Each structure stands twice: as structure tokens, then as C-alpha cells.
Amino acid sequence: MTQNKIILDNNLRIITVPMKDSLTTTVLILVEAGSKYETKEINGISHFLEHMCFKGTKKRPKSIDIASELDGIGARYNAFTGMEYTGYYAKARPEHFDKILDVVSDIYQNQIFDSEEINKERGVIIEEINMYEDLPMRRVQSLFTNLLYGDQPAGWDIAGEKEVIKKITREDFIKYHNEHYLAKSSLVIVAGKFSAKGGSASGGDEDEIVEKIKTAFISIKSGLKTPKIKTIEQQNKPKILLKHKETDQTHLILGVRAFDIFDERKYALEILTDILGGGMSSRLFQKIREEMGAAYYVNAGADLFTDHGYLAVSAGIDHNKIEQVILAVLDEFQKMISEPIGDKEFQRAKDHLIGNLIIGLETSDQLAGFFGGQEILTKETVNPKDLIKKIQAVKAEEIMEVAKDIFQNQKLNLAIIGPFKDGERFEKILTLR
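Chemist: Account for the overall build of the chain, naming residues and giving values.
Modeler: Looking only at helices and strands, one finds 16 helices and 11 strands in the chain. Taken against the 2.2 N^0.38 rule, which gives 22 Å for 433 residues, the C-alpha radius of gyration of the chain at 23 Å falls within 12% of a compact globule. For the chain, the spread of C-alpha atoms along the three principal axes comes to 60 × 50 × 35 Å. Residue burial in the chain is summarised as follows: out of 433 residues, 55% are buried.

This is the structure in C-alpha cells:
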């Protein structure tokens, strides 16, 4: 598997990933624009703008024009917004490459931001926020990042606050688009069925595809990109955020501050989180679900960004067993610090990560996201073979070193949604022993 990257004269980046056996081709456009690029006054605009890109362009003035054109070729298409980037993609049979490139590049560059459509979509966004409020498994994630980072962009909800969404104007969209949707901050990834340079396939030649992308983006705006505000890390004791809600199940996230995506310890951190909560054979799944019968879901993961990162354990648990579960998680944190990892468990975690990596790259859209996500954050990519080598090279003692660094009392954070009002009961037990 080979990825090729070129940078055009206007600084637009292009990555091509040929997959000779693929039945599809994906066009994915990523831009350095997300909630961490917002101010308090326009929090949520990145996500709102993502919605508006499907509401009409100069060439396709109505949303039905966009949807019917893609539906008409059986394409899969969508968009997404995160803290540090937004993405737009379409996936179809290789012979429809020209069509999906035309549509996705059009909605990316040529939105009309019709005021009437903005007001309609404003209601949709607010209902989406309401939906998340009724999904405690989802809502607790926002509470956790808010607990970690507070009143700064990394701590704000990506969807925004309803009162802010009600005030965003057409002029706000145009200004934000002009500040961020620029050639230098944009990346186009094409993955799937086409031939490498000099070859031939139904999806077209790689050189031809690059030329078509150049044409599609010939008018993309250039200019100085507005930077994001650096995330400030500040914590000197364990912290708890408790949201009272009469739920049938308590949802919690217990986690710690870690480091950013540029830190080479990230490979050790991935193995550490897999040992803790990566699959049904992981320590926390076996302890909390199989032994204690206290939860349906329990998992661990690490989210690393350009200037911060964290490890988090998530679980939906029996109200009556909440203290036992918290103590069980803290106990496993402590074991990662003080007890050597057995060879068998260590290799199982590596093999589990590698297996999930390979399975997660079977389709053109997954592969586009794999390379695109790396490039948009770090300005470089690691192919799967090299990534596997990096995972395999991690030593057991490196896991303990990372554990000692991140599993400290002053880095502990606990977010809870459930029928609880007294936070003191949790403060008493939120400590490593």
C-alpha cells in the first residue's frame, strides 16, 4: 500500500492512495477548522458551517440538488466536525469519480449561505444538541473535556451552545469560511480504485486524478490562516464534574491528562489503553463486566491532539455499584504503574491493535481517513507497515514509564451523569493508592 503526497503551488495538499482491488473510490476533503479555532461568541460555527455546505451552492442552489445527484449514482456521502478539523467526503464506484469530485469540491468552496436556509438549519442544530442531551453516553464525553479544559476551546462542546447558535449570522459564516477554508489549510485525499502512475484502471490514472483535482480547486482561496488558541493545561488535584439526571444507568468517564500527538510515547500509550480496555479480553472488561456484572459497556481509549491529549475510561454502570467500579478502575491504573506486564498479555495487546488497524483499512473511505487524519494534524503520514513496526518495537518497560507519568492523583478527572447530587462521596475515593 503506497500513498503519494504532492503540494500544489497554491499550497493545497493532495494525497492519493491507490487500491487495486477496491470496488469503490473515495474523495475526502479535510480542513484545519474545528471547535478549537472558534471564539466564545461563535462556538459551534464549525459544525454549523459543515451543515450549511449541504444546503446549496452557486451551481447546486438547493440541498435536493446535491443529495439527488449523489443518491442518483448510489454514493455514500457525509461530513463531520471535530476539535481540530472538519471533513467532507463521498464514496462511489470508480467510474463516478468525476461526479463525486465535482460535488464535494463544489460544496466545499461555493456555499451560498442562504439566510432562509441558515434559519431552517439553526433549528436542526438545536435539535441535534437536544438529542445529545438525551444521550448520556454521548453527553458525558462533552462533560469530561469541559472538566479537563474548562472555558477554553478544547473544553467547549463541538456542537456549541443553543444560545450562541441562535445568534450566528450569514456574515459570521462568510467571515469564518474566508479565514479558514483556504488552500494552505485544506487537504484532498483520493483513495480506492485507480492505477498508480503509468498504469490504467477504471477509476483513472493517478496523474489524471491529480490534474482533475487541480482543476476542481483552481479558484480556492489563498491567504493567511487564522490560528487556533493554544490549549492551557492546568491541574493540581483530582477533579469531579457531576451532572444530576434521573437515568436508568450511570454513565462515567474516568481519565487522566496525557500528552500531544507529536509525542513518540503515543505508541506505548495505545498499547497501555488496549491492555486496560481494548476488547472483551481486556482487564477492565473482564473485571467490571464479567466479574462484577456492573456494566454493559466499558472501554478505554486515548485521544491525542496537536497541543494536548488524554486517556479516558468510559462505562455505563449499575447505580449501586458506582463506587466499586471507580475503585476497580483506579486499581487497574495502579497496577499499570507497579506490576510488570506479562509477555502473553503484552503481545495480545499488540496483536489486537494491529489486527484492528488492518481491518479498519479495508475500504476506501477508511483508508482516506487514516492518511488524511494524520496529515491534517501532523503534516506527515505513516503507512500501515511502518505503524505496525512502531507498535511492535514498544517495550514493556516503556508502558510502565508512561503509566507512571500519567497516572498521578493531580491528573485524575471524573465526569458522571446519573441520579447523584452529592459529589463528596466520589471525592473521598478518587485517589490512587
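Picking up after the structure, the text goes on.
Chemist: Kindly report on the packing of helix H9 (residues 266-277) against helix H15 (residues 396-406), identifying the contributing residues and their values.
Modeler: For the pair H9 and H15, the least separation of the axes is 9 Å and the interaxial angle reads 85°. Looking at the two axes, H9 sits roughly perpendicular to H15. Residues Ala268, Leu269, Ile271 and Leu272 of H9 form the contact with H15, whose own contacting residues are Glu398, Ile399, Val402, Ala403 and Ile406. Residue classes in the contact of H9 with H15 are distributed as eight nonpolar, no polar and one charged.

Chemist: Give me the lowdown on the sheet that holds strand E4 (residues 76-81), citing residues and values where you can.
Modeler: Here we have six strands laid out as an open sheet, ordered E1-E2-E6-E3-E5-E4, and mixed in their pairing. Each edge of the open sheet carries a strand with a single partner, namely strand E1 (4-7) and E4. On average, each strand axis in the sheet is inclined to that of its neighbour by 15°, with strand direction left out of account. As judged from the seven bridges shared by strand E3 (residues 25-31) and strand E5 (residues 86-92), these two strands associate in the antiparallel manner. Counterpart to threonine 26 in the pairing with E5 is lysine 91. Each of E4 and E5 is contacted by helix H1 (residues 45-52), which is oriented at about 160° to E4, the strand it contacts most.

Chemist: Let's hear about the nonpolar core: which residues, and what values?
Modeler: Counting residues in each nonpolar core, the largest one holds 74 residues, and the members touching the most others are Leu311, Phe333 and Phe407. For this core, the element with the most residues is helix H11 (residues 322-338), which contributes nine residues. In terms of nonpolar packing, the next biggest core, distinct from the first, is built from 52 residues, Val27, Ile100, Ile165 and Tyr176 among them.

Chemist: Mind laying out the side chain of arginine 257, listing which residues take part and the relevant values?
Modeler: Within the fold, arginine 257 resides in strand E8 (residues 250-257). One polar contact links arginine 257 to glutamate 233, side chain to side chain, over a distance of 2.3 Å. Separated by 2.6 Å, the side chains of arginine 257 and glutamine 235 make a polar contact. Each residue touching arginine 257, except ones within four places of it in the same chain, is listed here: Leu148, Tyr149, Glu233, Gln234, Gln235, Lys239, Gly309, Tyr310, Ile406, Lys411 and Asn413.

Chemist: Describe helix H8 (residues 206-216), with residues and values.
Modeler: Buried within H8 we find Glu206, Ile209, Val210 and Ile213. Down the axis of H8, the buried side of the element spans an arc of 100°, and every buried residue falls inside it. Considering only its buried residues, H8 is in contact with E1, strand E2 (13-18), helix H3 (97-109) and strand E6 (186-192). Measuring from the backbone nitrogen of aspartate 207 back to the side-chain oxygen at the start of H8 gives 2.8 Å, which picks out aspartate 205 as the cap.

Chemist: Hey, could you go over the pattern of salt bridges for me, with residue numbers and the actual values?
Modeler: Once their charged atoms are close, side chains differing in charge can pair, the charge on each being opposite to the other. Applying the stated criterion across every chain, the model contains 39 salt bridges. The shortest N-O distance in the salt bridge between lysine 59 and aspartate 102 comes to 2.8 Å. On the criterion of sequence distance, the pair formed by lysine 59 in the loop between H1 and helix H2 (63-71) and aspartate 102 in helix H3 is long-range, its members being 43 residues apart. With a shortest N-O distance of 2.3 Å, glutamate 233 and arginine 257 are connected by a salt bridge. Taken together, the positions of glutamate 233 in the loop between H8 and strand E7 (239-244) and arginine 257 in strand E8 put the pair 24 residues apart, joining distant regions of the chain.

Definitions and limits used
Residues numbered from 1 in each chain as written. Predicted model: local features only at pLDDT ≥ 70, side-chain atom pairs only at ≥ 80, totals over all residues. Heavy atoms only, no water. Helix = DSSP H or I, 4+ residues; strand = E, 2+ residues; numbered from the N terminus. Rg over C-alpha atoms; globule rule 2.2 N^0.38 Å. Buried < 20%, exposed > 50% of the residue type's maximum accessible area, 1.4 Å probe, protein only. Axes fitted to C-alpha atoms, helices over the stretch in contact; angles between N-to-C directions. Parallel < 35°, antiparallel > 145°, perpendicular 65-115°, else oblique. Contact = heavy atoms within 4.5 Å. Nonpolar A, V, L, I, M, F, W, Y, C, P; charged D, E, K, R; others polar. Pairing = 2+ DSSP bridges. Core = buried A, V, L, I, M, F, W, Y, C linked by side-chain atoms within 4.5 Å. Polar contact = N/O pair within 3.5 Å; in protein donor to acceptor, adjacent residues only side chain to side chain. Arc of directions from axis to C-beta. Salt bridge = Lys/Arg side-chain N within 4 Å of Asp/Glu carboxyl O.

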